[in-house]
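Architecture at a glance
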Amino acid sequence: MPAARLHPAARLHLVRHGEVHNPERVLYGRLPGFHLSDDGRDMARFAAEHLKAQGRPVTSLVSSPLERTRESAAPIAELFGLTPVIDARVLEPTNVFEGKRMQRALRNPLNWWHLRTPALPSWGEAYLDVVERMQAAMRDAWNRTPSGDAVIVSHQLPIWITHLSVAGLPLRHDPRRRRCDLSSITSFELAGDVWREVDYVEPAPTAGAVDVGAV
């Protein structure tokens, strides 16, 4: 008789990275060299310990290739005995303002052309493209997790745009109103071919945190 087929994952968690050391307060985007601050490392630990405290067996772990996500995945890997899979599909999107201080950049009329079509958005990777690559990465992580939960450590915009898509909401939004705090956990289940969001938590204290570098 053929071996019994294991069920796929039970739940998938999108975890945002912790606070980044960013004294110049620039939009760091995909730039290399932006590591977690000391507080950011604590935030990442809080997220990992929250997952552990739920008693849900996390059996697979994916991370964006950037330093801040790999460092945020480290305590999850430690607590659950996992080796993270690096997946560029859960990376921060491109952005023409990368490396700039946004308040200063937006005062420069030469930059206003990049703001001409906010619904795309015209300053970086199209929201629809972000949704497609995120959901492809989520489905692959789900399918290769034979049981238990899958975790993907990613970034604010990819997580938030996934939330909007799953909720059936417009992808155009005000970045200042995203519900995706540092080291937050947004959780999903896959019912047939349809993702549904089942939980959102902010396990790490973030009062006073510097969070100005998200795309």
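Residues numbered from 1 in each chain as written. Predicted model: local features only at pLDDT ≥ 70, side-chain atom pairs only at ≥ 80, totals over all residues. Heavy atoms only, no water.

Quick look at the overall build of the protein
Within the protein one finds five helices and six strands. Helices and strands in the protein line up, N terminus first, as β-α-β-α-β-α-α-β-α-β-β. Seen through its principal axes, the protein has C-alpha atoms that stretch 70 × 35 × 25 Å. Put simply, the protein has 215 residues, and 48% of those count as buried. For the protein, the proportion of contacts with a sequence separation of at least 24, taken over those separated by at least 6, is 72%. On the protein, roughly 10,700 Å² of surface is accessible, and the fraction owed to carbon and sulfur atoms is 54%. Taking the average place of the 26 positive charges on the side chains of the protein and the average place of its 25 negative ones, the gap between the two points comes to 4 Å. (Helix = DSSP H or I, 4+ residues; strand = E, 2+ residues; numbered from the N terminus. Buried < 20%, exposed > 50% of the residue type's maximum accessible area, 1.4 Å probe, protein only. Contact = heavy atoms within 4.5 Å. Areas by Shrake-Rupley, 256 points an atom, 1.4 Å probe, with all protein chains shown as cover. Lys, Arg positive; Asp, Glu negative; His and termini not counted. Charge placed at Lys NZ, Arg CZ, Asp CG, Glu CD.)

Some points on the layout of surface pockets
Each pocket or cavity is described by its volume, and for the largest pocket that value is around 890 Å³. In terms of lining, the largest pocket is formed by 32 residues, of which the most central are Met102, Pro175, Arg176, Val212 and Ala214. For the lining of the largest pocket, the secondary structure elements donating two or more residues are α3 (102-106) and α5 (156-167). The biggest single contributor to the lining of the largest pocket is α3, with four residues. The residue inventory of the lining of the largest pocket, partitioned by class, reads 16 nonpolar, five polar and eleven charged. (1 Å grid on protein atoms, 1.4 Å probe; cavity = no way out; pocket = protein on both sides within 12 Å on 5 of 7 lines; lining within 4 Å. Points joined across faces, edges and corners; volume = space filled by probe spheres on them. Nonpolar A, V, L, I, M, F, W, Y, C, P; charged D, E, K, R; others polar.)

Describing a nonpolar patch on the surface
A cluster of nonpolar side chains, contributed by Leu106, Trp112 and Leu115, occupies part of the molecular surface with about 280 Å² of accessible area. Tracing the backbone through its elements, the reader meets tryptophan 112 in the loop between α3 and α4 (127-143). (Patch = residues over 30% accessible without salt bridge, like charges linked within 9 Å, V, L, I, M, F, W, Y side chains within 5 Å. Salt bridge = Lys/Arg side-chain N within 4 Å of Asp/Glu carboxyl O.)

So, the pairing of strand β2 (residues 58-63)
Among the six residues that make up β2, five are buried, leaving the element largely enclosed by the rest of the structure. Note that β2 and strand β4 (residues 149-154) share five bridges and pair parallel. Directly across from valine 62, in β4, lies its bridge partner isoleucine 152. When β2 meets strand β3 (residues 85-86), the two strands line up parallel, connected through two bridges. The residue of β3 that forms the bridge with valine 62 is valine 85. Once the chain exits β2 it traverses helix α2 (residues 67-80) before rejoining the sheet at β3, and the crossover so formed is right-handed. (Pairing = 2+ DSSP bridges. Right-handed = clockwise from strand over helix to strand, strands pointing away.)

Things to note about the pairing of strand β1 (residues 11-16)
In terms of burial, β1 is a largely internal element, six of the six residues being buried. Side chains Arg11, His13 and Val15 project from β1 onto one buried face, and the interleaved Leu12, Leu14 and Arg16 project onto a second face that is buried too. With six bridges connecting them, β1 and β4 associate as parallel partners. Residue pairing across strands places arginine 16 opposite serine 154, the latter belonging to β4.

With respect to the confidence of the model for the protein
Considering every residue of the protein, the mean pLDDT works out to 94; 97% of them sit at 70 or more. Within the model, pLDDT remains below 50 along residues 1-5, and this stretch shows zero contacts once partners closer than five positions in the same chain are excluded. (pLDDT = per-residue confidence, 0-100.)

A few points about the nonpolar core
In terms of nonpolar packing, the biggest core is built from 29 residues, with Leu12, Leu14, Met138, Ile152, Ile161 and Trp195 touching the most fellow members. Of all the secondary structure elements, the ones that give two or more residues to this core are β1, α4, β4, α5 and β5 (185-191). Ranked by residues supplied to this core, first place goes to α4 with eight residues. (Core = buried A, V, L, I, M, F, W, Y, C linked by side-chain atoms within 4.5 Å.)

Examining the side chain of asparagine 111
With respect to the element layout, asparagine 111 can be found in the loop between α3 and α4. Overall, asparagine 111 belongs to the buried group, its relative accessible area being 12%. Filtering out sequence-adjacent residues up to four positions away, asparagine 111 remains in contact with Phe97 and Ala105.

Observations regarding the pattern of salt bridges
Between side chains of opposite charge, a pair can form as their charged atoms come close. In the structure shown here, the tally under the stated rule is 15 salt bridges. The residue aspartate 140 makes a salt bridge to arginine 89 at a minimum N-O spacing of 2.9 Å. With aspartate 140 in helix α4 and arginine 89 in the loop between β3 and α3, the pair connects residues that are 51 residues apart, well separated along the chain. Judged by its relative accessible area of 34%, aspartate 140 is partly exposed.

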